[in-house]
Structures are given as structure tokens and as C-alpha cells.
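Chain by chain, the residues run as shown.
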Amino acid sequence: MIEVKDLSKDYIILKRKPGLSGAIRSLFIREKEIKQAVDHISFEIKPGEVVGYIGPNGAGKSTTIKMLCGILTPSHGEIRVNGVVPYQNRKQNAINIGAVYGQRTQLFWDIPVRESYELLRHIYEIPKNDFEARMKHFTEYLNLGPILDIPVRQLSLGQKMRCELAASFLHNPAVVFLDEPTIGLDVAVKENIRKFIREMNHLYGTTVILTTHDMEDIEQLCQRIIIIDNGSILYDGDLVAVKERFGHQRTIHFEMPQTDHFKLPASLESTVDVAEITESRVSLLFSSRDIKGAEVIAIMMAEYEVNDLTIKDTSIETIVKEIYERGI
Amino acid sequence: MVRYMKLYWHFFAAQVKVMTEYWVDFIIGFMSVFFIQFTSVYFIKVVFDHIDVLNGWTFYEILFIYGIASTGRSIHQIFFDNLWLVGRDYIRTGNFDRLLIRPLNPLFHLIADKVQQDGVGNLVLGTILLGISMNHLAFDWGFWDIVLLIVMVISSGLIYSGINLFFVTFSFWMVDSFPLMQTAFNVSQFARYPLTIYSKPIRIILTWVVPYGFTSFYPATLFTGHKNYTTLALITPAVAAIICVIAYGFWIIGLRAYTSTGN
């Protein structure tokens, strides 16, 4: 469905010297720097796969997706989406793809949602019967009924995202790109959205590429993940392997009045790492297979005065950092 | 082409529907544009209360020029108004990408995205001015003259839009070329009066550099007693076509720059 071979994208960045004098100087003398946003990556995605495309901010995710959508022309390498080269045949490609950008709307700002969908029907030339059947299905599944007559600009974030999602699947595209579809949403809406994506994938065999910072999204939706950082692929494969390796990791942040003389209690030494010490906080990292979180907390509370604590699951950022430092 | 026309109709209808729901907005927009233009016209009237002829042009001839300019401008304003916002609302925010993932010509999508109701004020005022002045011109109006006048008005609208398109294209490199567009557009204010009142350099600029002269003055000479400009007047539709082709070509170059650099 998607073939990417040796794909690169370079940006030319104009370097600026700091300060006003630097800004004025840069009007006349410009130093150019080439940044490789995407650096010779290759992968292949089969029809019906749901792939998590993850990495820290600025890793090259959006650049890759823009190239797959035909918005950006690659500097080097080959892309095929459903047999079409996106940047050469942008309009043909557009029929095959759907996209949701968590931060921006694809819909028509001033127009009621229902009318937006009507326009999309004409833009994508969707047969009326298919359109109505899908609309009925989507309305039910995403609970769009009460919001169809409201202009997009008046919708809440959660409502908007549900509408966006329906819009991206409306023309039954072969591939859908979802760029942080759950960002800023509450748990119920997140759940609703994930269910919908799973359903679409089952029902129509839609291939889905998902970028997200939410581990829940990945765990619930993807069989496979591609981790990218600094424009290169760090890992491409089964989610299970990554979860085995990192899924049990927990971080606990202890808020403490005094951290100057902090020393890891002897009973924790074999199983727990100190991730970070700041003036008022100690962060401990451990695997829930080696030791229970409750035990770590109990030992810490016995030895030190603790004001507050927070438990964190592994974030994508930590995983990427870990892979960097230790490999998979 | 037929597909795009049908599609435009759907875009248009959806927006008119919204306008009818917010009809107070419509009235306010309409009235404000109408009155802004009306004060300019009234000023001309005041000037002509003190003189009979301005450099060989009578009050109604100038009103006629003004009428063509207003109706032509209204075509630009009603249908192509979104061009103004390419930098601010599309490129700067990244919303331009939205136009690129649709199976449509992005320029079409951009233009169809907005129907500017305020332009109706210009259209109504322009039509009234044309109606009044035509009755007072020493010209025998036949059916084909009216057709010719309509062709000229449409050409005028296309020239406004083409020049606007040309200058907005710079947004692909400089994020928002609004000041450039504004500057170019302000030049068009000159073209609402007979070009003969200006010095030669300004006439040359308005004819061959930013050809706003063709948006009202040259076409108007066809229907008034001023016969020295017939050739220039008759090539108005060709000028409109050339401007649009050049501007569109430039737009394509800009678009290519955008897709190779992103933003």
C-alpha cells in the first residue's frame, strides 16, 4: 500500500546571529545551513495495517507524512501510495488518502458540519447512496447527531475532532493519516475515537498511519510501530517487542522538602535507578516486573520525608531515549 | 471545467445559505461598503458643483468610469476576495496544506472557499452609477453595446483579480505579501478617474505596468465622446486574459516553491 525507499527531505535554514545587530547583518549576509528533516528512510506498509509512526517533536514525522500526502516534494528517494507517486500526481493521490491534523481543521470553518460533508461529497464525487450509508454509520458511531447543524467554528475540540475523523473517512480512502488525533481530548472522546478507527480498519480494511504522543493510542490501535528520531528510523517492527522491553517501566516523582543528602535506600539499589534529582524532586525509574510500585513508595516514605508523588507510565520520549542509549 | 463550475455552485450555495442565516451581518457589510463608496462619489459631485468640465470630461462621464470600476471591483471582491488572505490565513497557519490534500486545483479551492458578501455593496452602487450615467451620456445604447459593456466589466473584474493573484503569490516566499498587494491595489484608486488628468509616467504605469487603466478608463472611452483610445479600449478583454495567464503561471511557480520547501 505504501512503499518508501531511501526517502530524504532537506530544508535550507538561514542562520541568524543573535540580537538586533545580528538581525540587521543577516539582511545582507546570509549563512545557509542544510538540515535533513528526513534522512534516507525506507519502509513498506501493507494494506489494512495500522502503524504507529512515533518519535519526539521535530523528529521528521510531519515531514514524512506531508511527503506521503503530496504536499511536499522529496529531495531524494521514492514514494508510492497505493501505486501513485504523491508529489507527481497529487490529485490522484488525494482521492486515495484521508488526513486528520489534530491542530488544524480540514472542514469548512463557517459552514454547518452537515453542509461541510455535502461539499466533501461533491469534491470527492462520492455516490449518493454510499455517502448516505456512511454518514448514517458515522453519525451513529461518533454520535454526531446533535452537532451536525452547528458551524465548525462553534464546536468544542472533542466535537471537532469527531467531525474531522468522519470527514477523513467519508470518501472511503485506502490510507488515512492521523496526526495526533487525540491531542487535548478527554478520556471518553479518546476512547470513542479509538473505537471508531478500529472499526473502520476492520470494516473497510483502511490502512492507518498514526502519529501520537499518547502510548494508549498506540497500544490500543497498532500492531506495528515505526520510531523515528532526527530523521532516521530507530525501530520498525512489532509493538509487542517494544512493550516487552519498555512497557513495564515506571517513573515515580517524589516531591521532597530536602534532596541535598538523598541517597538511594540500600534495599532499592539492585532494582531501581535514579533518573533525576532536582532541588525539590527525586525521580526513580524501575521495571514493574522487578519490584512493585507500592514497595518503592513504602521504602521511600520510610526513609525520607515525602510531600507528594506522581507515578508515570513510560512516555514515547523515554522509549526513544532508551533505544538511543541502549538499543532495542 | 463543467465539474468545477458545478462544484463552484455547491460552494456558493452553501455560503449563501449561511449568509441568509446571518442576514444582519449581510446588511451591515452591504451598507458600510455602499456608504464608503458613496462618499467618494458625493465628493466628485461637490467638485463638479464648482466646475462644468474636468479636462474635457463631464460629471456623468466620470460617474460612468467610476461605475465600471465599482462593478468590476465588485466581481473581484465577491468571488476572489480570499486571495487577500492567502498569506495570513493559509500559509502562515499551515492551512494551505488542507487545499493540497484535496483532489482539486488548489487555486480553485482557495477561491471557492469564500464568497464575500460585502462586495454586493459595490455591485449595487456600481450598477446604480452606470444606470444614472448611461442615461446622461450622448450615446445611443443598443443591445450589443450593453453586451460589450458587460464584457468590459467582467474583464475589469478579472484584471483586478489577476493583479491581486500576481502579488499574493509572493506569499509563498515571504509568508504574507499583504503589504505588496495593498500597495498594488492602492494604485487602482488612480484608475477611477480619466487617465488624461495625470502626467505621462503615471499614465504609462497604469497602462503597461499595473494595467488598472483597463479596469475602467479605457473601456469607458468606447461609450463616451473620447475616441482617441478605441484600440486600447478594445483590447481590454485580451489584457485581462494575458494578466490572468501571467499571474497563474507565477502562482504555479510559487506553488512549486511551496511544495519543495514547506513552511
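Please read these numbers as outputs of a predicted model, since none were measured by experiment.

Draft legend 1. Just the overall build of chain A, in detail. Counting secondary structure elements, chain A contains 11 helices and 13 strands. Along the longest, intermediate and shortest principal axes, the C-alpha atoms of chain A span 70 × 55 × 40 Å. In chain A, which comprises 328 residues, the proportion classed as buried is 51%. The long-range fraction of contacts in chain A, counting pairs at least 24 apart against all pairs at least 6 apart in sequence, stands at 70%. Both charge centroids of chain A, one from 39 positive and one from 46 negative side chains, sit 7 Å from each other.

Draft legend 2. Structural view of the overall build of chain B. When its secondary structure is counted, chain B shows 14 helices and 2 strands. Whereas a compact globule of 263 residues would reach a radius of gyration of roughly 18 Å, chain B reaches 19 Å, a difference of no more than 12%. For chain B, the spread of C-alpha atoms along the principal axes amounts to about 55 × 45 × 35 Å. Split into buried and exposed, the 263 residues of chain B put 52% on the buried side. Looking at chain B alone, contacts between residues at least 24 apart form 76% of all its contacts between residues at least 6 apart. When the accessible area of chain B is evaluated, it comes to approximately 11,900 Å², of which 71% is carbon and sulfur surface. Across chain B, 15 positive and 13 negative side-chain charges occur, with their mean positions spaced 9 Å apart.

Draft legend 3. Representation of the state of the cysteines. Taken as a whole and judged by the stated rule, the model has 0 disulfides over all chains. Cys 69 of chain A supplies the cysteine sulfur nearest to Cys 222 of chain A, a cysteine that is in no disulfide, at a spacing of 17 Å.

Draft legend 4. Focus on the side chain of Asn 93 of chain A. Residue and element names in this part refer to chain A. Mapping Asn 93 onto the fold places it in helix H3 (residues 90-96). With a relative accessible area of 0%, Asn 93 lands in the buried category. Residue contacts for Asn 93: discarding those within four places in its chain leaves Leu 68, Cys 69, Gly 70, Val 81, Val 84 and Pro 86.

Draft legend 5. Representation of a negative patch on the surface in the model. Taken together, Glu 3, Asp 6, Glu 44 and Glu 78 of chain A make up a surface patch of like negative charges. Within the secondary structure layout, Glu 78 of chain A lies in strand S4 (residues 76-81).

Draft legend 6. Highlighting the sheet that holds strand S13 (residues 308-313) of chain A. All names here are of chain A. As summarised here, the arrangement of the 4 strands in space is S11-S12-S10-S13, forming an open sheet in which the pairing is antiparallel. Of all the strands in the sheet, just strand S11 (272-277) and S13 have a single pairing partner and so form its edges. When strand polarity is set aside, the average angle formed by the axes of neighbouring strands in this sheet is 20°. With 5 bridges connecting them, S11 and strand S12 (residues 281-287) associate as antiparallel partners. Looking at S12, one finds that Val 272 is bridged to Phe 286. In the packing of helix H10 (residues 293-303) onto the sheet, the strands contacted are strand S10 (249-255), S11, S12 and S13, and the crossing angle to S10 comes to about 25°.

Draft legend 7. Up close: the pattern of salt bridges. As enumerated under the stated definition, the model contains 17 salt bridges over all chains in all. Of the charged contacts, one joins Arg 194 of chain A and Asp 214 of chain A as a salt bridge, the two residues approaching to 3.4 Å between their closest N and O atoms. Placement of the pair is Arg 194 of chain A in helix H7 (residues 187-204) and Asp 214 of chain A in the loop between strand S7 (207-211) and helix H8 (215-221), with a sequence separation of 20 residues. For Arg 194 of chain A, a relative accessible area of 3% puts it in the buried group. As a salt-bridge pair, Arg 88 of chain B and Asp 89 of chain B come within 2.9 Å of each other at their nearest N and O atoms. The exposure class of Arg 88 of chain B is partly exposed, given its relative accessible area of 46%. Via salt bridges that share partners, Lys 190, Glu 191, Arg 194, Asp 214 and Asp 217 of chain A belong to a single interconnected network.

Draft legend 8. Representation of the confidence of the model for chain B. Counting all residues, the mean pLDDT for chain B is 91, and 99% of those residues have values of 70 or more. Predicted as a complex, the structure gets a pTM of 0.84 and an ipTM equal to 0.84.

Draft legend 9. Quick look at helix H2 (residues 23-50) of chain B. All names here are of chain B. For H2, which comprises 28 residues, the first-to-last C-alpha distance of 41 Å matches the rise-based estimate of 40 Å (1.5 Å per residue) to within 8%. Of all the positions in H2, only Gly 29, Phe 30, Val 33, Phe 34, Gln 37, Val 41, Ile 44 and Phe 48 are classed as buried. Turning to H2, the residues buried within the fold contact strand S1 (53-54), strand S2 (57-58), helix H3 (59-80) and helix H7 (119-136).

Draft legend 10. View of the interface of chain A and chain B. Taken together, the 31 residues of chain A in the interface contact 31 residues of chain B. Between chain A and chain B the total buried area reaches about 2,600 Å² when both faces are included, carbon and sulfur atoms providing 56% of it. Across the chain A-chain B interface, the total number found is 3 salt bridges. For Arg 3 of chain B, the salt bridge is made with Glu 125 of chain A, and the minimal N-O distance between the two is 3.1 Å. Mapped onto the side of chain A that touches chain B, the elements with two or more residues apiece are strand S1 (2-15), helix H2 (61-69), H3, strand S5 (97-101) and helix H4 (113-123) of chain A.

The rules behind the values
Residues numbered from 1 in each chain as written. Chains lettered and ligands numbered in written order. Predicted model: local features only at pLDDT ≥ 70, side-chain atom pairs only at ≥ 80, totals over all residues. Heavy atoms only, no water. Helix = DSSP H or I, 4+ residues; strand = E, 2+ residues; numbered from the N terminus. Buried < 20%, exposed > 50% of the residue type's maximum accessible area, 1.4 Å probe, protein only. Contact = heavy atoms within 4.5 Å. Lys, Arg positive; Asp, Glu negative; His and termini not counted. Charge placed at Lys NZ, Arg CZ, Asp CG, Glu CD. Rg over C-alpha atoms; globule rule 2.2 N^0.38 Å. Areas by Shrake-Rupley, 256 points an atom, 1.4 Å probe, with all protein chains shown as cover. Disulfide = S-S within 2.5 Å. Patch = residues over 30% accessible without salt bridge, like charges linked within 9 Å, V, L, I, M, F, W, Y side chains within 5 Å. Salt bridge = Lys/Arg side-chain N within 4 Å of Asp/Glu carboxyl O. Pairing = 2+ DSSP bridges. Axes fitted to C-alpha atoms, helices over the stretch in contact; angles between N-to-C directions. pLDDT = per-residue confidence, 0-100. Expected span 1.5 Å × (residues − 1). Buried area = accessible area lost by both parts, 1.4 Å probe.

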